[in-house]
Amino acid sequence: MRRYVLPYLWPVITGVLLAILVLLLLPEPLPNPFRESPTQATSPAVATPPIALNPVPNRPAPEVHQAAPLSRNQGPASYSHAVEQAAPAVVNIYSSRIVERDQHPLMSDPFFQQFFDDQGSDATTHHRMLSSLGSGVIVSDDGYVLTNHHVINGADEIQVALRDGRETLAEVIGTDPESDLAVLRIDLDDLPVIELTDSADVAVGDVALAIGNPFGVGQTVTMGIISATGRNHLGLNAYEDFIQTDAAINPGNSGGALVNPEGALVGINTAIFSRSGGSQGIGFAIPANLAHSILDELVTQGRVIRGWLGIEAQALSRELAASFGLQTPQGVIIAGVVSDGPAAKAGLEPGDVLLAVDGQPILDARATMSEIASIPPGTSLPLTIVRSGERMNMTLEVGERPLPAVTNDEELPRQRGS
């Protein structure tokens with residue numbers, strides 16, 4: 001019997017001894033790959049401090065309501081609370097202006113007017129009223145309203161209608177065509193005010209709600225997400241830093257609010273990219289931080305002060321860079337110099353290649369223009385240029401950018417929201 005059992009017993013004993021040896025050498029259990037390690041933690045988001053306002057003695061800067069940072073823990077099942085927070089501060093704007101009616105030149109001649117007494121005697125028959133609609137956002141307790149420049153451009157009368165049914169005429173405090181922003185003021189008590197969020201904290205994928213008055217049907221809310229930030233090179237404004245969203249924006253939404261899921265203002269709805277003139281899921285809003293800074297300057301100074309070099313710049317292609325002896329297409333060509341401007345006084349000439357501003361290489365002409373605009377006039381600015389194949393350094397005193405010519409076109413670009 002033993003001779004049949006012994007051959008099977010030794011392998012069993014050997015296996016038990018090997019198991020004991022493995023347990024002695026590996027005392028700690030293997031980690032479970034499907035269980036989250038307790039040491040892993042997400043760093044809390046750091047809120048950017050609010051924008052500091054710089055009031056001037058003649059008019060104090062408006063006190064806006066700053067919102068807390070957005071919590072991204074879990075999305076709500078309904079956004080009714082956000083709408084209830086923000087919608088009362090979004091207003092409808094009705095602007096109107098009187099333009100001359102097209103008529104035959106002979107109608108201005110008194111000789112021919114005698115044959116058309118009914119029409120010629122009434123001066124109003126030579127004019128017609130143009131009306132447009134848009135939206136705006138109340139951003140301070142003292143009645144300041146942010147909207148788009150193109151919403152109120154050239155208007156003779158601006159009427160503001162609140163969600164609670166009140167209506168009043170608005171005063172234009174200032175406009176900035178180059179950012180397409182305008183500031184109005186209304187004189188009413190107990191105004192609903194929206195909170196402004198720090199738009200630098202906006203992230204792609206955040207839920208966004210667009211509130212406005214599309215097609216004049218009444219206040220409407222649409223929902224989407226933040227599709228992109230920092231959009232430029234769109235050819236809409238001189239200074240572009242748009243938030244892109246797929247929340248439906250249509251004619252009449254311009255100047256309205258783009259808010260986050262907590263009802264705080266993320267941006268001012270401004271334009272749409274569309275072939276048909278309707279929403280195709282590509283809308284653009286001016287960030288709240290930029291709108292806040294423009295609001296501050298228009299209220300306290302009556303205009304937006306920007307730095308200016310006084311040059312006409314042209315993009316530098318690889319072929320042009322090679323012709324100037326440059327290995328990479330870095331910088332811009334100075335195609336023109338404004339007479340008596342800062343660049344002309346510093347000695348810059350057409351044909352110079354501007355390589356760097358204040359030691360920073362020019363990689364994007366529009367980004368550099370925006371950076372120069374933020375420099376206070378009177379600042380000494382070092383420049384690096386190439387002239388006739390020779391690299392040179394010079395210093396320029398930044399000037400103040402002249403105000404653009406304002407036009408009162410009857411028809412607005414199709415990309416605009418209203």
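Here the structure is a predicted model, which is why all the values come from computation and not from measurement.

**Observations concerning the overall build of the protein chain**
Turning to step 1, where the next piece is worked out: Across its full length, the protein chain holds 9 helices and 23 strands.
Turning to step 2, where the next piece is worked out: Going through the 418 residues of the protein chain one by one, you find that 40% of them count as buried.
Turning to step 3, where the next piece is worked out: In the protein chain, of all internal contacts separated by at least 6 residues, the share reaching a separation of at least 24 is 67%.
Turning to step 4, where the next piece is worked out: Carbon and sulfur atoms form 54% of the exposed surface of the protein chain, whose accessible area is close to 23600 Å².

**Focus: helix α6 (residues 288-301)**
Turning to step 1, where the next piece is worked out: For α6, with 14 residues, the first-to-last C-alpha span of 20 Å sits near the 20 Å given by 1.5 Å per residue.
Turning to step 2, where the next piece is worked out: Among the 14 residues in α6, 10 count as buried, and that is most of the element.
Turning to step 3, where the next piece is worked out: Trailing α6 by a residue or two, G302 shows a phi angle of about 80°, which is positive.

**Details of the nonpolar core**
Turning to step 1, where the next piece is worked out: If you look at the biggest cluster of nonpolar residues, it comprises 47 residues, and the most contacted ones within it are I93, I138, V139, V183, I186, I194 and L295.
Turning to step 2, where the next piece is worked out: The leading source of residues in this core is α6, at 5 residues.
Turning to step 3, where the next piece is worked out: Sequence-distant contacts of L295, defined by excluding residues within four places in its chain, comprise P62, V64, V139, Y144, L146 and V183.
Turning to step 4, where the next piece is worked out: Membership of the second largest hydrophobic core comes to 16 residues, among which are V332, A343, V357 and I372.

**Some remarks on the pattern of salt bridges**
Turning to step 1, where the next piece is worked out: This model, assessed by the stated rule, comprises 8 salt bridges.
Turning to step 2, where the next piece is worked out: A salt bridge links R163 to E84; the shortest N-O distance between them is 4.0 Å. Of the two residues, R163 sits in the loop between β5 (157-161) and β6 (167-169) while E84 sits in helix α2 (residues 80-86), which places them 79 residues apart along the sequence.
Turning to step 3, where the next piece is worked out: Two residues, E349 and R387, come together in a salt bridge whose shortest N-O distance is 4.0 Å. Of this pair, E349 sits in the loop between α8 (342-346) and β19 (353-357) while R387 sits in strand β21 (residues 380-387); the two residues are 38 residues apart in sequence, bridging distant segments of the chain.
Turning to step 4, where the next piece is worked out: Bridged by salt links that share partners, the residues D176, E178, R306 and R401 form one connected network.

**Re the environment of D340**
Turning to step 1, where the next piece is worked out: Mapped onto the fold, D340 is located in the loop between β18 (332-337) and α8.
Turning to step 2, where the next piece is worked out: Here D340 falls in the exposed class, since its relative accessible area comes to 63%.
Turning to step 3, where the next piece is worked out: For the pair D340 and G310, spaced 30 residues apart in the sequence, the C-alpha separation amounts to 8.6 Å.

**Topic: the pairing of strand β4 (residues 144-147)**
Two faces make up the sheet, and in a regular strand the side chains alternate between them.
Turning to step 1, where the next piece is worked out: Alternating residues of β4 divide into Y144 and L146 and V145 and T147, and every residue in both groups is buried.
Turning to step 2, where the next piece is worked out: Note that β4 and strand β8 (residues 181-185) share 4 bridges and pair antiparallel. The residue of β8 that forms the bridge with V145 is L184.

**Focus: the pairing of strand β15 (residues 283-287)**
Turning to step 1, where the next piece is worked out: The buried fraction of β15 amounts to 5 of the 5 residues, a majority that puts the element mostly inside the structure.
Turning to step 2, where the next piece is worked out: Inspection of the sheet shows strand β12 (residues 242-245) paired to β15 by 3 bridges, in the antiparallel sense. Paired with I243 across the two strands is A285, which belongs to β15.
Turning to step 3, where the next piece is worked out: For strand β14 (residues 265-272) and β15, the ladder comprises 5 bridges, and the chain directions are antiparallel.

**What about the environment of I93?**
Turning to step 1, where the next piece is worked out: One can find I93 in strand β2 (residues 90-100).
Turning to step 2, where the next piece is worked out: You can call I93 buried: its relative accessible area is 0%.
Turning to step 3, where the next piece is worked out: When the C-alpha positions of I93 and L169 are compared, they lie 9.6 Å apart, and in sequence the two are 76 residues distant.
Turning to step 4, where the next piece is worked out: For I93, the contacting residues outside a window of four places in its chain are S132, L133, G134, S135, G136, T147, V151, I152, I158, Q159, V160 and L184.

**Looking at the confidence of the model for the protein chain**
Turning to step 1, where the next piece is worked out: With 73% of its residues at a pLDDT of 70 or more, the protein chain shows a mean pLDDT of 78.
Turning to step 2, where the next piece is worked out: The weakest mean pLDDT in the protein chain belongs to helix α4 (residues 117-120) at 50; the strongest belongs to β4 at 96.
Turning to step 3, where the next piece is worked out: Across residues 28-56, where pLDDT falls below 50, the model places 16 contacts with residues more than four positions away in sequence or in other chains.
Turning to step 4, where the next piece is worked out: Low pLDDT, under 50, characterises residues 119-124; the stretch is placed with 6 contacts to residues that sit more than four places away or in other chains.

**Describing the side chain of S140**
Turning to step 1, where the next piece is worked out: Tracing the backbone through its elements, the reader meets S140 in the loop between β3 (127-138) and β4.
Turning to step 2, where the next piece is worked out: By relative accessible area, which is 0% here, S140 ends up buried.
Turning to step 3, where the next piece is worked out: Polar side-chain contacts of S140 include one of 2.5 Å to the side chain of D142.
Turning to step 4, where the next piece is worked out: In this view, S140 contacts P62, E63 and V193; residues no more than four positions away in its chain are not counted.

Thresholds applied
- Residues numbered from 1 in each chain as written.
- Predicted model: local features only at pLDDT ≥ 70, side-chain atom pairs only at ≥ 80, totals over all residues.
- Heavy atoms only, no water.
- Helix = DSSP H or I, 4+ residues; strand = E, 2+ residues; numbered from the N terminus.
- Buried < 20%, exposed > 50% of the residue type's maximum accessible area, 1.4 Å probe, protein only.
- Contact = heavy atoms within 4.5 Å.
- Areas by Shrake-Rupley, 256 points an atom, 1.4 Å probe, with all protein chains shown as cover.
- Expected span 1.5 Å × (residues − 1).
- Core = buried A, V, L, I, M, F, W, Y, C linked by side-chain atoms within 4.5 Å.
- Salt bridge = Lys/Arg side-chain N within 4 Å of Asp/Glu carboxyl O.
- Pairing = 2+ DSSP bridges.
- pLDDT = per-residue confidence, 0-100.
- Polar contact = N/O pair within 3.5 Å; in protein donor to acceptor, adjacent residues only side chain to side chain.

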